[in-house]
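So you can see what is in the structure, the chains are spelled out below.
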Amino acid sequence: MPKIHILPERVANQIAAGEVVERPAAVIKELIENSLDAGATRIEVEFRQGGRELLRVEDNGCGMSREDALLALERHATSKIAETADIDRLATFGFRGEALPSIASVSSFTLQTRAENEDVGTEIRIEGGKQIHVRDCGRPVGTSVEAARLFHPVPARRKFLKTDATEAGHLVQCVRLYALACPRVAFTLIEDGRVAFRSPQCETLAERVGEIFGSQMAERMIPIEAGEPGLRLSGLIGRPGEGRSTRHELMTFVNGRPVDSRALSFALRESYRDSLPEGRYPRAILFLACDPADVDVNVHPAKREVRFRREQQVRGFVIRCVLERLRELGTEAGSAIAPIPARPAGLGEPAAAYGFAGSPPVAPGAVPAALPAEAATRSGQPSAATEGVAAREARVRTWRFLGIAHNLYALFETPSGIVLLDRRAAHERIWFERLKGQFAAGRVPGQRLLLPLPLELEPVAAAILLDSRPFIEAHGFEIADFGANFFRIEAVPQWMEPAYAESFIKDVLGELRDGRLALGNLDLARDELARLAASRVVRLPAASGASEMESLAVQLFATESPLASPAGRPTFIEIDRAELARRF
Ligand code: ADP
Ligand code: MG
């Protein structure tokens, strides 16, 4: 007798069930997804005793013919994909064709269904994978799936279930997630015979949040909506300072599917790093839409965890959007609460002294132009998002410098609260834009060195330097050959301390080597060069007095993107008076 044999279907299903349905909430997830895929507009979920006694999902979707219903219970039976390539274009939740047979193999399973064009429904009973009967039944169009006594055919698995309360917690969370993902579908959740929540069809996410979590939470959260080519973010996020002790209210969705994504939750926590105490989680119901081909939903059998092909890009995008929204919020709240003094406090002279020899002070014309804009803001019209550079500058002129903490954070009093400015981040932003401007104009003044600096490189780096020398020399350097793998730096850009030249060039060569800096697109290459220079080479001047710090703030606000450093770190945080009062 051969030693190898094909596993009976029933055993194969029970093994698969271990992956697909590790706990009651996973069963409910699969069944809800099937109902949504079937076009249901009403879904009722019921469970008893943490789901171990009963799990039931009923929908008003398209239903199945008897033939289809029998097929649906075969392993790898699915109406949703035919080929692997389809997975990348997936618009439905399910696609493995494993859920129903797996669930049926580990429970007392009853499926009732009726398709639109049929007069009578079909009922199929399966006991631990064994078909008990197939017969007619009466029911409205749609499907009801019941899985009772979960895992009783595999007692070893039943032991792994946690307490009823824990499993119930997972079940409720699961239903909430889908209810949030699909506000237009009515949901009812019945727990141990009592309605745990019921939400009619809703027009908006906020409405749904109100139904599930109460109107207070819906009112406290703020809408976010942003996009860049290929990525779109929407949803609701919590206010700064309003964190939770668990991650339950940090809910992320990708292309409409509730998911766990390390990239998204990292980005969210990072965005709130300065506005929540250590160890608190932000509240968020965040939807990311992107090209389905850029997400891998197939990393986990239960499809809860996703990965992005361009994880960095997604993270950066989310951080930028959320930070921007939080800042806008700070400014909106500020202009609503505090009157703006007729005469800007502090900032007598827009000192040009802040380390930039010869840098133009902020254009004097900006101030009068700013005043009407400021008045408009006060009357509540444009928000921070739409306010122009002039208005921003006028606003920052009302900041009054108070002092510096840890040699890094400049503290300002503003009409609406306080601001902590990260000097380093602000400085980097200002320099980044200055250098970008210089680079784009093609005029990067260099300084010849009295004593050229020797530069010794590894063979690969030397080859890269030879290739990229025109680019590097177009940005203020002069580099002469000095033998195999040896060079001499004869001139450096005016803004650079010669002592930094060697390490900077090596950094640039390193980035060229690993592709972060690519000369194919000159604009991008210049941006990257400016970013590198601003973060590594430009020195932070010693902290000094009020006029320098106020000038720093003004110059920051004259930049195109004052809210974040070129690396995406916030340049300042603002705490309004209401927030201060609340915290005390
Ligand atoms: P998958 O969802 O991965 O296709 P399932 O085992 O969950 O696999 O379901 C198998 C098939 O049964 C589905 O492709 C669908 O055609 C059908 N089906 C399952 N649940 C429902 C439902 N609630 N309403 C209508 N059809 C359903
Ligand atoms: Mg399915």
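Residues numbered from 1 in each chain as written. Chains lettered and ligands numbered in written order. Predicted model: local features only at pLDDT ≥ 70, side-chain atom pairs only at ≥ 80, totals over all residues. Heavy atoms only, no water.

### Quick word on the overall build of the protein chain
Spelled out, the test is: Only runs of H or I of at least four residues qualify as helices and only runs of E of at least two qualify as strands under DSSP, and these elements are numbered from the N terminus. Partly exposed residues are those whose accessible area sits between 20% and 50% of the maximum for their type, while under 20% is buried and over 50% is exposed, using a 1.4 Å probe and protein chains only. Any pair of residues with heavy atoms lying within 4.5 Å of one another is described as a contacting pair.
Each helix and strand counted, the protein chain has 18 helices and 22 strands in total. Counting all 584 residues of the protein chain, 49% fall into the buried class. When contacts within the protein chain are restricted to residue pairs at least 6 apart in sequence, those whose partners lie at least 24 apart make up 68%.

### A short note on the sheet that holds strand β22 (residues 572-576)
Heads up, the condition is: Pairing between two strands is assigned when DSSP locates at least 2 bridges connecting them. Axes here refer to lines fitted to C-alpha atoms; in helices the fit is confined to the stretch in contact. Angles between the N-to-C directions go from 0 to 180 degrees.
Read from one edge of the open sheet, four strands run β16-β17-β18-β22, paired in antiparallel fashion. Whereas interior strands pair on both sides, the edge strands pair on one side only; in this sheet they are β16 (400-405) and β22. With strand direction ignored, the average angle separating the axes of adjacent strands in the sheet is 20 degrees. Sitting on the sheet, helix α17 (residues 546-557) is in contact with β16, β17 (409-414), β18 (417-422) and β22, with an inclination near 105 degrees to β16.

### Considerations on the pattern of salt bridges
Heads up, the rule is: The term salt bridge refers to a side-chain nitrogen of Lys or Arg lying within 4 Å of a carboxyl oxygen of Asp or Glu.
Tallying each qualifying case throughout the model produces 35 salt bridges. In this structure, E46 engages R48 in a salt bridge whose closest nitrogen and oxygen atoms are separated by 3.8 Å. For E46, a relative accessible area of 12% translates into the label buried. Accessibility expressed as a relative area gives 40% for R48, which makes it partly exposed. Residue R220 is joined to E242 by a salt bridge in which the shortest nitrogen-to-oxygen separation is 2.3 Å. Taken together, the positions of R220 in helix α8 (residues 215-220) and E242 in the loop between β10 (231-237) and β11 (250-254) put the pair 22 residues apart, joining distant regions of the chain.

### Focus: the packing of helix α14 (residues 459-473) against helix α15 (residues 501-514)
The following threshold applies: Angle categories: roughly parallel below 35 degrees, roughly antiparallel above 145, roughly perpendicular from 65 to 115, and oblique for all the rest. Here the nonpolar group is Ala, Val, Leu, Ile, Met, Phe, Trp, Tyr, Cys and Pro; Asp, Glu, Lys and Arg are the charged ones; every other residue, Gly included, is treated as polar.
One can describe the packing of α14 onto α15 by two numbers: an axis separation of 10 Å at closest approach and a directional angle of 100 degrees. When the axis of α14 is compared with that of α15, the two are roughly perpendicular. Residues V460, A461, I464, L465, S468 and I472 of α14 lie in contact with α15, whose contacting residues are V508, L509, L512 and R513. Looking at the contact of α14 with α15 residue by residue, the class counts come to eight nonpolar, one polar and one charged.

### Overview of the confidence of the model for the protein chain
To be explicit about the condition: Think of pLDDT as the predictor's per-residue confidence, scored from 0 to 100.
Counting all residues, the mean pLDDT for the protein chain is 82, and 84% of those residues have values of 70 or more. Ignoring residues within four places in sequence, the model shows residues 333-386, a span with pLDDT below 50, making 70 contacts including any to other chains.

### A word on the side chain of R325
Filter applied, for reference: Any pair of N or O atoms that falls within 3.5 Å is considered a polar contact. Within protein, one atom must be able to donate a hydrogen and the other to accept it, and sequence-neighbouring residues count only if both atoms are side-chain atoms.
Summarising the element assignment, R325 is placed in helix α10 (residues 311-337). The class for R325 is buried, based on a relative accessible area of 15%. Separated by 2.7 Å, the side chain of R325 and the backbone oxygen of P223 make a polar contact.

### Some remarks on the packing of aromatic side chains
Formally: Geometry of aromatic contacts follows a simple scheme: Phe, Tyr and Trp rings, the Trp one being its six-membered ring, pair when their centres are within 6.5 Å, and the pair is stacked under 30 degrees between planes, edge-to-face over 60, tilted otherwise. Whether a charge sits over a ring comes down to the Lys NZ or Arg CZ being within 6 Å of the ring centre and within 35 degrees of the ring normal.
Applying the stated rule across the entire model yields nine aromatic pairs. Judged by centre distance (4.3 Å) and plane angle (10 degrees), the ring pair of F253 and F287 falls under stacked. Residue F253 is found in strand β11, and its partner F287 is found in strand β13 (residues 284-290); the two are separated by 34 residues along the sequence. F287 carries the same exposure label as F253, and that label is buried. Taken together through their ring pairs, the aromatic side chains of W399, F401, F412, F557 and F572 make up a single cluster. Between the NZ or CZ atom of R269 and the centre of the ring of Y281, over which it lies, the distance is 4.2 Å. The side chain of R327 reaches across the aromatic face of F572, ending 5.4 Å from its centre.

### Some points on the packing of α15 against helix α16 (residues 522-537)
To keep things clear, this is the line we draw: In a left-handed crossing the near helix is turned counterclockwise from the far helix by less than a right angle, and in a right-handed crossing that turn is clockwise.
Packing of α15 against α16 brings their axes to within 11 Å, and their N-to-C directions diverge by 140 degrees. Compared by their axis directions, α15 and α16 come out oblique. Seen along the crossing, α15 lies across α16 with a hand that is right-handed. Counted together, F504, D507, V508 and E511 of α15 and E528, L529, L532, A533, R536 and V537 of α16 form the full contact between these two elements. Among the residues making up the contact of α15 with α16, the classes are represented as six nonpolar, no polar and four charged.

### Quick word on the side chain of T398
Here T398 shows up in the loop between α12 (389-396) and β16. A relative accessible area of 8% places T398 in the buried class. Of note is the side chain of T398, whose polar atom sits 2.5 Å from the backbone oxygen of R395.

### Quick look at the sheet that holds β11
Pairing within the open sheet is mixed, and its five strands lie in the order β9-β10-β13-β11-β12. The two strands at the open ends of the sheet, each matched to only one other strand, are β9 (222-228) and β12 (257-259). Adjacent strand axes in the sheet meet at a mean angle of 20 degrees when their direction is disregarded. By the bridge criterion, seven bridges tie β9 to β10 in an arrangement that is antiparallel. Bridging from a neighbouring strand, I224 pairs with G235 of β10. Packing of helix α6 (residues 164-181) onto the sheet brings it into contact with β11, β12 and β13, and relative to β11 it is tilted by some 50 degrees.

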